[in-house]
2 protein chains.
Amino acid sequence: MDTRNLASDRPLTGVTVLDFGQIYNGPYCGHLLAMAGARVIKVESPIGETLRNSTASSGEGYPFRALNGNKETITLNFKRPDGQRLLKEMVRHVDVLLENYRPGTMAKYGIGSEELMAINPRLIYASGTGYGQNGPHADYLAMDVTVQAMSGVVSVTGYEGDPPLKSGPAICDMLGGVHLYGAITSALYRRERTGLGAVLDIAMQDAVIPTLCSAIGAYYRTGGNPPRTGNHHQARAIAPYNIYETRDGHVAIICIREGHWRKLVAAMESPDLLHDELFANMEARSKNMDRTDAVVLDWTASRSTQEVFELCQLFGVPCSPVQTLSDVLSDRHLLARGMLKEVTDKSNRSMMLFGTPIQFEGVRPPDPTLPREIGQDNEAVYGELLGLRRESVDDYRRSGVL
Amino acid sequence: MDTRNLASDRPLTGVTVLDFGQIYNGPYCGHLLAMAGARVIKVESPIGETLRNSTASSGEGYPFRALNGNKETITLNFKRPDGQRLLKEMVRHVDVLLENYRPGTMAKYGIGSEELMAINPRLIYASGTGYGQNGPHADYLAMDVTVQAMSGVVSVTGYEGDPPLKSGPAICDMLGGVHLYGAITSALYRRERTGLGAVLDIAMQDAVIPTLCSAIGAYYRTGGNPPRTGNHHQARAIAPYNIYETRDGHVAIICIREGHWRKLVAAMESPDLLHDELFANMEARSKNMDRTDAVVLDWTASRSTQEVFELCQLFGVPCSPVQTLSDVLSDRHLLARGMLKEVTDKSNRSMMLFGTPIQFEGVRPPDPTLPREIGQDNEAVYGELLGLRRESVDDYRRSGVL
């Protein structure tokens, strides 16, 4: 009889993480680790992590809340010798330390990867940064929008002739964060096989480069920087491929194979299009992109988004509505999958937190929860891991070490 | 004396993967696995993977080349009973099978997770899809642009009053692919500890939701769908935060802390701004965003991108140039880190392939290579894993099984 509890099958059960993450990049990695079953201890300075205090995060601090639930919270001032000493004790008891400070920040205080690996050679010391730990740009200051600009994302978003545009979502932070997660789990696997710890160096810029695949293809095809393509394919080599207006919104439609076009023609009940040389094949439709878009728009504009969407699904054409945030936050599919979960805070305000994209069949991740107060687990964690008594924790707190 | 060869420390050395990936999502996962040291065997139908044959991929098939080097290549027609039989033999010898077909595709041919896990209970069966294996939208057709639309990304990109806009890069495909990688490495770790295989279910839509953190924050703050914000912060709560024109291009500048603003003021040599109530703090600058932008633009517009960038770095203000693709493909930092590597094809055309964002200190990933021809490793792989002789491989090829 299998008496294992479902939770014990979570992939990272038994793994303990010190999460020095701040803002989005590090904390998203910590979120994924926690949702995979690891014990994640969020470590903040005594004044709290930047995002906890950020007025700019707004929405009652939604981003902080979304990224830091399911973590224990402690404080530590590693600028103080006593703080450094406590950290050096702590790393004996943990598997992973993750941080996304500027390169060299922790080393400056004598608690960089070299010092900590010497104390615990099985430690996985995981750093996320904008540009990595080495190379000529390593010291550049980085935030999502500057990495979007540096990596080429901004230059390939927006319309031809318009200025360059950023992607709305925080893609560099989160791409960096999930690559950091993948690096940590890879290192945990290697450690099981070899006993070796690891020092990991994940750069947001590196992580975003592969998303430019189509754009780089267009660059090589045209032999130079291609113009921005708005909602069209980056190499203008697929048509239809666009966001089309409907009577009450917009839909995305893409025909990546000839069969998709035939199905769309059937859905549009315009069989004559199949015999029109303008649309004879992908090359012809791409060359005559405006005409192709016009026949599709002619069909979508007089119908509701829902009607276009349902017809496309029925006929087998890749299509989706352009959902607004309110659509997304009430999306029955995301709710059914547990990717969104409603919680209510102390002020009785409800909001949707997100779960984890990393789903194991038959394993239920923890429900997302709201973050704990700053330092709420100081006594419990320092007591358990270092044997500190309540009075010592209080002393350290009063003297600014915790 | 440590006699280990560096390569033997690659995290996934010894792991064998059957990569049924197609287009971007699955193949990017396979790319990351290969670069982490796994043996990745790309499995294509006898007519070749969609992207290998895609005229739309263009640029001499750049995306196919960028995502499928460093893999052995075999063919297998799993629609044929003999093909199914061969696959069932193969899964005895591998650790991971990854695929990104529509849900149910492999099960339809009797080679779904259930059948294959029964043969090899240690198998990690990893599926990447647009919307996941279950839930009311599981069967929707998905491509990067439709998932961008469905997940809300399109609704939060572009300018207020303009139609919704997609992000230029293929963010959903790649976010899905790297989460799939993280799920596989998590499952490998769990398998070392428990002996259990796993069935993994990674949806591109799930994977992109966390990137909307700021936008959802703005939604909760304003109590409804916020207008699109162009190059501004999603919650319009940070200023300066924009792409600014320079004499010869554009730069991104963001001041996330008060200190950044003070440093920018110093770089601009306009100390009076510190005493101007319009810009007194983050809240004031956000409220007076147009005025804030105007003073920054006034400074950037008369200078070169390089000059603005260097001054910002000197004074400690997060800033970067808006790099074009040609800038990115010759970026000295990406080259120094090995994230870009030049290769030359048989026709003597050179191009930049990308390496891996997953970097272990002291471990050198393989250099990226161009993909092998379709079925090029049939004899070697089927010979080694199943003991098939050359004649059998030839017979299977002639009869359309390989």
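Residues numbered from 1 in each chain as written. Chains lettered and ligands numbered in written order. Predicted model: local features only at pLDDT ≥ 70, side-chain atom pairs only at ≥ 80, totals over all residues. Heavy atoms only, no water.

Some remarks on the overall build of chain A
Heads up, the condition is: Here a strand is any run of E in DSSP of at least two residues, a helix any run of H or I of at least four, and the numbering for each starts at the N terminus. The contact criterion used throughout is that any non-hydrogen atoms of two residues lie within 4.5 Å. Counted charges follow a simple rule, with Lys and Arg positive, Asp and Glu negative, and His plus the chain ends left uncounted. All charge positions are set by atom: Lys at NZ, Arg at CZ, Asp at CG, Glu at CD.
Along the backbone of chain A there are 18 helices and 12 strands. Oriented by its inertia axes, the alpha-carbon framework of chain A measures out at about 85 × 50 × 50 Å. Contacts in chain A between residues far apart in sequence, at least 24 positions, make up 67% of those at least 6 positions apart. Charge separation in chain A, taken as the distance between the mean sites of 41 positive and 47 negative side-chain charges, equals 5 Å.

Quick word on the packing of aromatic side chains
Threshold: Any two rings among Phe, Tyr and Trp, with Trp reduced to its six-membered ring, count as a pair given centres within 6.5 Å; such a pair is stacked if its planes are under 30 degrees apart, edge-to-face if over 60, and tilted if neither.
This structure, assessed with the given rule, holds 16 aromatic pairs over all chains. Put simply, the rings of F20, F78, Y101 and Y109 of chain A touch in pairs and so form one group of aromatic residues.

Here's the deal with the relation of the copies chain A and chain B
Which entries qualify depends on this criterion: When the copies are superposed, the least-squares fit draws on C-alpha atoms of residues that have pLDDT of at least 70 in both.
Once turned by 180 degrees and shifted 0.0 Å along the axis, chain A lies on chain B with an RMSD of 0.0 Å. Within this description, the copies of the chain are treated as partners about a two-fold rotation axis. Interface residue correspondence from chain A to chain B reaches 100%, placing this contact among same-surface, isologous pairings.

A few points about the sheet that holds strand β6 (residues 198-203) of chain A
What holds strands together in a sheet is hydrogen bonding between their backbones, with the strands either parallel or antiparallel. Applicable threshold: Should DSSP find at least two bridges between two strands, the strands are taken to pair. Lines fitted to C-alpha atoms define the axes here, with helix axes fitted over just the stretch in contact, and angles between the N-to-C directions of these axes take values from 0 to 180 degrees.
Strand order in the open sheet formed by 7 strands is β3(A)-β2(A)-β1(A)-β4(A)-β5(A)-β6(A)-β12(B), and the pairing between neighbours is mixed. Each having just a single partner strand, β3 (72-75) of chain A together with β12 (359-360) of chain B make up the two edges of the open sheet. Running at roughly 160 degrees to β6 of chain A, helix α8 (residues 171-194) of chain A makes contact with β4 (96-99), β5 (124-129) and β6 of chain A together with β12 of chain B of the sheet.

A few points about the pattern of salt bridges
Residue and element names in this part refer to chain A. The cut-off we apply is this: Any carboxyl oxygen of Asp or Glu that lies within 4 Å of a side-chain nitrogen of Lys or Arg is treated as forming a salt bridge with it. Only protein chains enter the accessibility calculation, which uses a 1.4 Å probe; a residue whose area is less than 20% of its type maximum is buried, one above 50% is exposed, and one in between is partly exposed.
Summed over the entire model, instances satisfying the criterion amount to 46 salt bridges over all chains. Between K346 and E373 there is a salt bridge, with its nearest N and O atoms 3.3 Å apart. Taken together, the residues K346 in the loop between β10 (340-344) and β11 (350-354) and E373 in the loop between β12 (359-360) and α17 (378-386) connect sequence positions 27 residues apart. Look at K346 and you get exposed, because its relative accessible area is 77%. Accessibility expressed as a relative area gives 44% for E373, which makes it partly exposed. What you see here is one network of salt bridges that share partners, running through R39, E72 and E384.

Remarks on unusual backbone geometry
A negative phi angle characterises most non-glycine residues, just as the trans form characterises most peptide bonds. The amide bond that connects A239 of chain A to the next residue, P240 of chain A, takes the cis arrangement and shows omega of -5 degrees. Relative to the helices and strands, P240 of chain A is located in the loop between α10 (213-222) and β7 (241-245). The backbone of I23 of chain B shows a phi angle near 60 degrees, a positive value even though the residue is not glycine. Note that I23 of chain B resides in the loop between β1 (16-20) and α1 (25-35). By relative accessible area, I23 of chain B is classed as buried at 14%.

Points about the sheet that holds strand β8 (residues 250-254) of chain A
All names here are of chain A. A sheet is described by the order of its strands in space; here 3 strands give the open sequence β7-β8-β9, paired in antiparallel fashion. Across the chains shown, the open sheet's two edge strands, defined by having one partner strand only, are β7 and β9 (319-321). The average angle at which neighbouring strand axes cross in this sheet is 20 degrees, direction not considered. Of the strands in this sheet, β8 and β9 are in contact with helix α14 (residues 305-315), which crosses β9 at around 155 degrees.

Section: the confidence of the model for chain A
Threshold: The predictor reports its confidence for every residue as pLDDT, a score running from 0 up to 100.
Confidence in the prediction for chain A averages 95 pLDDT; 97% of positions are at 70 or higher. Both scores are given for the predicted complex: the pTM is 0.97, the ipTM 0.97.

A closer look at the packing of helix α1 (residues 25-35) of chain A against α8 of chain A
Residue and element names in this part refer to chain A. The cut-off we apply is this: Here the word oblique covers every angle except those under 35 degrees (roughly parallel), over 145 (roughly antiparallel) and from 65 to 115 (roughly perpendicular). Left-handed is the label given to a crossing in which the near helix is rotated counterclockwise from the far helix by less than a right angle, and right-handed is the label when the rotation is clockwise.
Running from N to C, α1 and α8 point in directions that differ by 45 degrees, and their axes come no closer than 8 Å. Considering the angle they form, α1 stands oblique to α8. Between α1 and α8 lies a crossing whose hand is right-handed. Counted together, N25, Y28, C29, L32 and L33 of α1 and D173, M174, G176, G177, V178, L180, Y181 and I184 of α8 form the full contact between these two elements.

Thoughts on the interface of chain A and chain B
Keep this limit in mind: When two components associate, each loses some accessible surface as probed by a 1.4 Å sphere; the sum of these losses over both components is called the buried area.
Listed as interface residues are 141 residues of chain A and, on the opposing side, 141 residues of chain B. Summing the contributions of chain A and of chain B, the shared interface buries around 12,200 Å²; its carbon and sulfur component is 66%. Our enumeration of links across chain A and chain B arrives at 6 salt bridges. Here D201 of chain B makes a salt bridge to R337 of chain A, at a shortest N to O gap of 3.1 Å.

Examining helix α11 (residues 258-268) of chain B
All names here are of chain B. Burial in α11 covers these residues: G259, H260, W261, L264, V265, A267 and M268. Where α11 is buried, its residues touch β8 (250-254), α12 (282-287), α13 (289-300) and α14 (305-315). E269 sits one or two residues past α11 and shows a positive phi near 55 degrees.

Some points on helix α11 (residues 258-267) of chain A
Buried within α11 of chain A we find G259, H260, W261, L264, V265 and A267 of chain A. Close packing links the buried residues of α11 of chain A with β8, α12 (282-287), α13 (289-300) and α14 of chain A.

Looking at a positive patch on the surface
To be explicit about the condition: Patches were defined on residues exceeding 30% relative accessible area and lacking a salt bridge, with like-charge contacts within 9 Å and nonpolar side-chain contacts (Val, Leu, Ile, Met, Phe, Trp, Tyr) within 5 Å. We get accessible surface area from the Shrake-Rupley algorithm with a probe of 1.4 Å; when it comes to residues, only the shown protein chains can shield them.
Side chains of K79, R102 and K108 of chain A together with R257, R262 and K263 of chain B sit close together on the surface and give a patch of like positive charge. With respect to the helices and strands, the residue K79 of chain A is situated in the loop between β3 and α4 (81-90). You can call K79 of chain A exposed: its relative accessible area is 56%.

Looking at the packing of α11 of chain A against α13 of chain A
Residue and element names in this part refer to chain A. Running from amino to carboxyl end, α11 crosses α13 at an angle of 40 degrees, the nearest separation of the two axes being 11 Å. As judged from the angle between their axes, α11 and α13 are oblique. Crossing angle aside, the handedness with which α11 passes α13 is left-handed. Contacts between α11 and α13 involve W261, L264 and A267 from the former and T292, V295, V296 and W299 from the latter.

Re the environment of Y101 of chain A
Residue and element names in this part refer to chain A. With respect to the secondary-structure elements, Y101 resides in the loop between β4 and α5 (105-108). Given the relative accessible area of 17%, Y101 is considered buried. The sequence separation of Y101 and T229 amounts to 128 residues, and the corresponding C-alpha distance is 36 Å. Those residues in contact with Y101 that lie beyond four places of it in its chain are F20, Q22, F78, M106, G128 and T129.

Some details on the pairing of β1 of chain B
Along a regular strand, successive side chains alternate from one face of the sheet to the other. All names here are of chain B. Here β1 lies mainly inside the structure; 5 of its 5 residues are buried. Of the two faces of β1, the one lined by T16, L18 and F20 and the one lined by V17 and D19 are each fully buried. One ladder, built from 4 bridges, connects β1 with strand β2 (residues 39-44); its direction is parallel. Directly across from V17, in β2, lies its bridge partner V40.

Focus: the side chain of D293 of chain A
Residue and element names in this part refer to chain A. Mapped onto the secondary structure, D293 falls in helix α13. Buried and unpaired, D293 has no salt bridge, with R236 as the nearest side chain of opposite charge at 8.0 Å. Among residues more than four places away in sequence, those in contact with D293 are H232, N242 and Y244.

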